[in-house]
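Spelled out from the first residue to the last, the chains are:
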Amino acid sequence: MRNLHTCLAALFVSAAVATTAWAADQSATMKVALLDVSSVMPAGMAGYGMMGQGMMGNMMHPGMMGPGMMMGGMMSIRTDKASVKTGTVTFEVTNWSRSVLHEVLVVGVDNPFAPLPYDYVQARVPEEQIKIVGEAADLQPSASKTLEIALAPGSYLLICNVAGHYAAGMVTALTVAQ
């Protein structure tokens, strides 16, 4: 019985430490990385070879790509945390690409798992049909921007709305909690 109490006490302390660590990680600064194939290719290789401009152009054709048809990491948005506290959030956004322009839109959503409306002809999310609460537009390769947004509790998506990029996987969820 004593071992059981010792184990339960250790479990309780571990849970308290984990909860405290999670709460401490809810800081108001979020690092955002915009990634594509050129981000991980050796210098001088971006835009050439099998995954060169011609192939990327064909892969991004609106008839071939659409929401839900993600390319398994071809393009992505990565953040250092999945949730933050309510209030002003500072997004430190970096385009790690060596050759591709990207952007970040912060979009308020009811359901982060539901696809956004999509215009297949333009290969983009129609911005007039979504609730954009902040934007870091036209980030050239290797460029960074800082974006500050006052966020209410709820669900958000971070997306890149350059033609074809949302459909290629440049979307990630963000939860804002009190």
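A brief report on the enclosed structure follows. Bear in mind that the values here come from a model prediction, so they are computed numbers and not experimental data.

Right, let's talk about the overall build of the protein chain for a bit. When its secondary structure is counted, the protein chain shows three helices and nine strands. Going residue by residue from the N terminus, the α and β elements of the protein chain occur as α-β-α-α-β-β-β-β-β-β-β-β. Across the 178 residues of the protein chain, 39% fall into the buried class. Excluding contacts between residues fewer than 6 apart, the proportion of contacts in the protein chain whose partners are at least 24 apart in sequence is 79%.

Right, let's talk about the pattern of salt bridges for a bit. Enumeration over the complete set of coordinates arrives at three salt bridges. As a salt-bridge pair, Glu-127 and Arg-124 come within 3.0 Å of each other at their nearest N and O atoms. When its relative accessible area of 26% is taken as the criterion, Arg-124 is described as partly exposed.

Next up on the list: the sheet that holds strand 2 (residues 75-79). As a general point, the strands of a sheet are linked pairwise by backbone hydrogen bonds and lie either parallel or antiparallel. Taken in spatial order, the four strands of this open sheet run 2-1-4-7, and their pairing is mixed. Every other strand in the sheet has two partners, leaving strand 2 and strand 7 (144-151) as the edge strands with one partner each. Averaged over neighbouring strand pairs, the angle between their axes works out to 20° when direction is ignored. As paired strands, strand 1 (residues 29-36) and strand 2 are joined by five bridges and run antiparallel to one another. Across the sheet, the residue bridging to Asp-36 is Met-75, located in strand 2.

Our next topic: the nonpolar core. Counting residues in hydrophobic clusters, the biggest one holds 25 residues, and the most contacted among them are Val-32, Leu-34, Phe-91, Val-106, Leu-151, Leu-158 and Leu-174. Sorting the residues of this core by element identifies strand 1, strand 2, strand 4 (87-95), strand 5 (102-109), strand 6 (131-139), strand 7, strand 8 (154-159) and strand 9 (171-177) as the ones contributing at least two each. In contact with Val-106, other than residues within four places in its own chain, are Phe-91, Lys-131, Ile-132, Val-133, Gly-134, Leu-147, Ile-149, Tyr-156, Leu-157 and Leu-158. If you look at the next biggest cluster of nonpolar residues, it comprises 12 residues, including Leu-105, Val-107, Tyr-118 and Ala-167.

If you trace the backbone, Pro-126 turns up in the loop between strand 5 and strand 6. Classification of Pro-126 as buried rests on a relative accessible area of 13%. A sequence separation of 35 residues divides Pro-126 from Asn-161, and the C-alpha atoms of the two residues are 8.9 Å apart. Here Pro-126 is in contact with Pro-117, Tyr-118 and Asp-119, once residues within four sequence places are set aside.

Conventions adopted
Residues numbered from 1 in each chain as written. Predicted model: local features only at pLDDT ≥ 70, side-chain atom pairs only at ≥ 80, totals over all residues. Heavy atoms only, no water. Helix = DSSP H or I, 4+ residues; strand = E, 2+ residues; numbered from the N terminus. Buried < 20%, exposed > 50% of the residue type's maximum accessible area, 1.4 Å probe, protein only. Contact = heavy atoms within 4.5 Å. Salt bridge = Lys/Arg side-chain N within 4 Å of Asp/Glu carboxyl O. Pairing = 2+ DSSP bridges. Axes fitted to C-alpha atoms, helices over the stretch in contact; angles between N-to-C directions. Core = buried A, V, L, I, M, F, W, Y, C linked by side-chain atoms within 4.5 Å.

Worth remembering: the numbers are spatial, not functional.
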